[in-house]
Amino acid sequence: MESLEEILKRSGLTNLSAGTATASSSAATAEDEYHCNVCDDARWLNLKAPVGTPEFGRVAPCTCQERAWGVNQSERLLDYSELGPLKTLTFDSIDPAGRDGYVEPSSFRRACTQAERFADRPAGWFTLIGPSGAGKTHLAAAIANRAMARGLPTRFVAVPELLDHLRAAFGPEATANYDELFDQTLSAPLLILNDLTAHSPSPWAEEKLDQILAHRYDGRMPTVIISSTPLEDLPDRLRSRITDPVLSTVAHIRPGWYNSRLDDPGIEPRLQASMTLDSFNQRGGSGSTTEHRATLREALKAAKSFAGHPDGWLYLAGPTGVGKTHLAVAIANARIEKREPALFWKTPNLLDHLRMGYSNVGRTTFDRLFDSVKYAELLILDDLGAQVSTPWAEEKLYQLIVHRHDAAIPTVITSRVLLESAAKNSKAEYQGGFGSLYSEAIASRLRDGLVVTERLIAAPDYRFRGSSKKSRRPSSRLAK
C-alpha cells in the first residue's frame, strides 16, 4: 500500500474536481528544494501511541510542511478531501432537530450524536440511512471537517461521480490514471461514500464498489456510508458488512410529516384537497330525514375527535355515497396539517400493490410496503370489504389487522359492511357457509368494543340530488 505522503503528493493530479494540478505541481517543486532532518522529508510523523488509545495508528504533520509545500496543513487536507463547497458544513451549523418536516426530530438528534461521536474517534464503519432532504450530506461533511481538524486525511466521494471518473479513466484520452484514482479510494485514511446505491446498478459498477468495500472491510479501515436506500433493500453483501455489530454502527433518520401522504388513494388531487372536516355534507342526499342527518353529525363528531387525538380504532360503516371516504381523507388531511404522519390506502389498491411487490414487478418490494402499512403511526384503510376475496388477500389482511389491533395502533377503517353483519357472515363461514366478507379472526377484532368505535352512517347517497322540478327552457339564442 502507498504511503500517505505519496497519496497526498499526488492528490492534485487525480482529484475529481478541476483546477488543482497547478497548485500540486508548484508544491512538489517547493518540496524538492527543502530538506527536513526531523521527518527525513516524509512530511508526517507517526504518533506511536499505545494500542487502544484514540491516537493509535494516527500520524501528525511535521512542522516542515508549510515551508516545503507553501501551504499549511489544513489547506493540504482540504485539497485532498474533495469537499469543495461542503467545507463550511460543520456540526455547529446543524439544527439539532433536523430539517423541519423532512425528518422525525428525535431520530435526527440521535443520528447527530452518533455522527459526532464517530468524527471524534473514527474507527470502524458508520452508516447513515434516511430519506432525501434529511441532512445526511451535511452530517457527512461535518464528519469530514471534524476529522480533518484533528489532522486525519479524509476523502469525501460521491459514488455516482466516482464511478463516472473511473469509467472515463479507461478511455484513450483519459487525463487521470485509473489505478491511481482507484487506489486513492481504496487507501484513504478515512473514506466517506456519499449517495451509495444512487448509481446505475451495472455489473461493472457493482464489482468496483464491492472491491472498494471488501478491501476496507477486511482492513477495518474507517469508512462512512451515506444512503437513501432502506437497509433491507441494500445488496446482501453490503448489508451483511454494514450490520456487523463488531465493526459498524448504523444510524437511521426517520421521515417527518412532510413525507406523509395519501398513497395511491385513487382520488383526483383537487377532490382530495377539498375533503376536509369543515366541508363534510351533514345534510345528506335527496330525501334525507332527521334521523339520517343525525347519523351524519355523529360520524363527523367522531371523525373530528379522532383527528384531534388519534386513539384506538374508528370504524365508519354505511352504504355508498354517505361520505365515509370524505371523512377518512379529511382525518388524514387534518393530521398532515398538524405535521403528524398519516397513511391512507384504499384496500383494493393496497392489495394490488402488495401483489406486485410480492412478484417483484412493482417498484416497492413487498416487505418494505407491507411493513410501512403494518407499522404506520396512523393507518387509514378505506373500503375494507371491497377487495376480491382470495386466501392470499385474507391472509395479508389478517396479518395486518391482528398486528395493529394487538398493538393498539391508531387505525381508521371505512366499509360498506356493518359490524353486526360481519359477525353474522363470519359465523356462517365458520360453520361452513358459502363465505363472507370478513373471516371470524378479523371480525372478532373489529367487534372489540374496547378498541374499536363504530359509527353507522345511514343516509341516502349524497350524489343523488333528485330530478329537477323546473322545466328547462331553450335559450333565446337557440329559439331564434
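Basis of the calculations
Residues numbered from 1 in each chain as written. Predicted model: local features only at pLDDT ≥ 70, side-chain atom pairs only at ≥ 80, totals over all residues. Heavy atoms only, no water. Salt bridge = Lys/Arg side-chain N within 4 Å of Asp/Glu carboxyl O. Helix = DSSP H or I, 4+ residues; strand = E, 2+ residues; numbered from the N terminus. Buried < 20%, exposed > 50% of the residue type's maximum accessible area, 1.4 Å probe, protein only. Axes fitted to C-alpha atoms, helices over the stretch in contact; angles between N-to-C directions. Parallel < 35°, antiparallel > 145°, perpendicular 65-115°, else oblique. Left-handed = near helix turned anticlockwise from the far one by under 90°. Contact = heavy atoms within 4.5 Å. Nonpolar A, V, L, I, M, F, W, Y, C, P; charged D, E, K, R; others polar. Phe/Tyr/Trp six-rings, centres within 6.5 Å; stacked < 30°, edge-to-face > 60°. Expected span 1.5 Å × (residues − 1). Core = buried A, V, L, I, M, F, W, Y, C linked by side-chain atoms within 4.5 Å. Pairing = 2+ DSSP bridges. Lys, Arg positive; Asp, Glu negative; His and termini not counted. pLDDT = per-residue confidence, 0-100.

## Digging into the pattern of salt bridges
Pairing between side chains of opposite charge can happen when the charged atoms of each approach one another.
Turning to step 1, where the next piece is worked out: Under the criterion given, the structure shown has ten salt bridges.
Turning to step 2, where the next piece is worked out: One salt bridge in this structure joins Arg 445 and Asp 406, with 3.9 Å as the shortest N-O distance. With a gap of 39 residues between them, Arg 445 in helix α18 (residues 440-446) and Asp 406 in helix α16 (residues 391-406) connect regions that are remote in the sequence.
Turning to step 3, where the next piece is worked out: Within this structure, Glu 116, Asp 120 and Arg 146 form a network of salt bridges that share partners.

## Observations regarding unusual backbone geometry
Turning to step 1, where the next piece is worked out: Even without a glycine there, the phi angle at Arg 220 is positive, about 50°.
Turning to step 2, where the next piece is worked out: Structurally, the position occupied by Arg 220 is in the loop between α9 (203-218) and β6 (223-227).
Turning to step 3, where the next piece is worked out: Accessibility expressed as a relative area gives 42% for Arg 220, which makes it partly exposed.
Turning to step 4, where the next piece is worked out: With a phi close to 55°, Ala 408 is a non-glycine residue in the positive phi region.
Turning to step 5, where the next piece is worked out: Relative to the helices and strands, Ala 408 resides in the loop between α16 and β12 (411-415).

## Focus: the packing of helix α5 (residues 105-120) against helix α6 (residues 136-149)
Turning to step 1, where the next piece is worked out: Where α5 meets α6, the axes come as close as 9 Å, and the angle between the chain directions of the two elements is 25°. Considered as vectors, α5 and α6 are oriented roughly parallel to each other. Our pair here, α5 against α6, has a crossing hand that is right-handed. Judged by residue contacts, Phe 108, Ala 111, Cys 112, Ala 115, Glu 116, Phe 118, Ala 119 and Asp 120 of α5 engage Leu 139, Ile 143, Arg 146 and Ala 147 from α6.
Turning to step 2, where the next piece is worked out: In terms of residue class, the contact of α5 with α6 is made up of nine nonpolar, no polar and three charged.

## What about the packing of aromatic side chains?
Aromatic ring pairs: the centre-centre distance and the angle between the two ring planes describe each pair.
Turning to step 1, where the next piece is worked out: All chains considered together, the criterion is met by two aromatic pairs.
Turning to step 2, where the next piece is worked out: On the numbers, 5.7 Å between centres and 25° between planes, the contact of Phe 118 with Phe 126 is stacked.
Turning to step 3, where the next piece is worked out: Taking the relative accessible area as the measure of exposure, Phe 118 reaches 7% and is therefore buried.
Turning to step 4, where the next piece is worked out: Residue class for Phe 126 comes out buried when judged on its relative accessible area of 1%.
Turning to step 5, where the next piece is worked out: On the basis of an interplanar angle of 80° and a centroid distance of 5.8 Å, the ring pair of Trp 125 and Tyr 217 is categorised as edge-to-face. You can see Trp 125 sitting in strand β3 (residues 125-129) and its partner Tyr 217 sitting in helix α9, a full 92 residues away along the chain.

## Considering α9
For an α-helix the count is 3.6 residues per turn, leaving residues at separations of three or four pointing the same way.
Turning to step 1, where the next piece is worked out: In a regular helix each residue adds 1.5 Å, so 16 residues correspond to 22 Å; α9 covers 22 Å between its end C-alpha atoms and thus fits that length.
Turning to step 2, where the next piece is worked out: Regarding α9, the residues found buried are Ala 205, Lys 208, Leu 209, Ile 212, Leu 213, Ala 214, Arg 216 and Tyr 217.
Turning to step 3, where the next piece is worked out: Among the residues trailing α9, Arg 220 stands out with phi positive, at a value near 50°.

## Topic: the nonpolar core
Turning to step 1, where the next piece is worked out: Of all hydrophobic cores here, the largest spans 31 residues; its most connected members are Phe 91, Phe 126, Leu 128, Leu 139, Ile 143, Val 224 and Ile 253.
Turning to step 2, where the next piece is worked out: Elements that contribute at least two residues to this core include exactly α5, β3, α6, β5 (190-194) and β6.
Turning to step 3, where the next piece is worked out: Residue contributions to this core peak at eight residues, all from α6.
Turning to step 4, where the next piece is worked out: Setting aside its immediate chain neighbours within four residues, Ile 253 contacts Val 103, Ser 107, Phe 108, Ala 111, Leu 128, Ile 129, Gly 130, Pro 131, Ala 134, Lys 136 and Leu 139.
Turning to step 5, where the next piece is worked out: Val 322, Ala 328, Ala 332 and Ile 380 belong to the second largest nonpolar core, which has 28 residues in total.

## Quick look at the packing of helix α15 (residues 366-374) against α16
Turning to step 1, where the next piece is worked out: Here α15 crosses α16 at 40°, and the two axes come no closer than 10 Å. Put simply, α15 runs oblique to α16. Across the interface between the two elements, Phe 366, Phe 370, Val 373 and Lys 374 of α15 pack against Trp 392, Lys 396, Gln 399, Leu 400, His 403 and Arg 404 of α16.

## Considerations on the sheet that holds β3
Turning to step 1, where the next piece is worked out: Across the sheet, which stays open at both edges, the five strands sit in the order β4-β5-β6-β3-β7 with parallel pairing between neighbours. Looking along the sheet, the strands with just one partner apiece sit at the ends: β4 (154-158) and β7 (248-252). Direction aside, the axes of adjacent strands within the sheet are offset by 15° on average.
Turning to step 2, where the next piece is worked out: Where β3 lies against β7, five bridges are found, and the strand directions are parallel. Within β7, the residue paired with Leu 128 across the bridge is Ala 251.

## Here we look at the pairing of β6
Turning to step 1, where the next piece is worked out: Of all the five residues making up β6, five are buried; the element is thus mostly covered by neighbouring parts of the structure.
Turning to step 2, where the next piece is worked out: Side chains Thr 223, Ile 225 and Ser 227 of β6 all project onto a buried face; the interleaved residues Val 224 and Ile 226 project onto the opposite face, where all are buried too.
Turning to step 3, where the next piece is worked out: Bridge count between β3 and β6: five bridges; the pairing is parallel. Paired with Trp 125 across the two strands is Thr 223, which belongs to β6.

## Considerations on α16
Turning to step 1, where the next piece is worked out: Across its 16 residues, α16 extends 22 Å between first and last C-alpha, which sits within 8% of the 22 Å expected from 1.5 Å per residue.
Turning to step 2, where the next piece is worked out: Along α16, the residues that are buried comprise Ala 393, Glu 394, Lys 396, Leu 397, Leu 400, Ile 401, Val 402, Arg 404 and His 405.
Turning to step 3, where the next piece is worked out: Immediately beyond the C-terminal end of α16, within one or two residues, lies Ala 408, with a positive phi of roughly 55°.

## Description of the side chain of Lys 136
Turning to step 1, where the next piece is worked out: Checked against the element boundaries, Lys 136 lands in helix α6.
Turning to step 2, where the next piece is worked out: The side chain of Lys 136 sits in the buried core without any salt bridge; Asp 195 is the nearest counter-charge, 6.1 Å away.
Turning to step 3, where the next piece is worked out: The residues touching Lys 136, leaving out its near neighbours within four places in the chain, are Leu 128, Ile 129, Gly 130, Pro 131, Ile 226, Ser 227, Ser 228 and Ile 253.

## Focus on the confidence of the model for the protein
Turning to step 1, where the next piece is worked out: Per-residue confidence for the protein gives a mean pLDDT of 76; residues scoring 70 or more make up 70%.
Turning to step 2, where the next piece is worked out: Within the model, pLDDT remains below 50 along residues 425-436, and this stretch shows 15 contacts once partners closer than five positions in the same chain are excluded.
Turning to step 3, where the next piece is worked out: Contacts of residues 467-480 to residues separated by more than four positions or lying in other chains number zero contacts, the stretch itself having pLDDT below 50.

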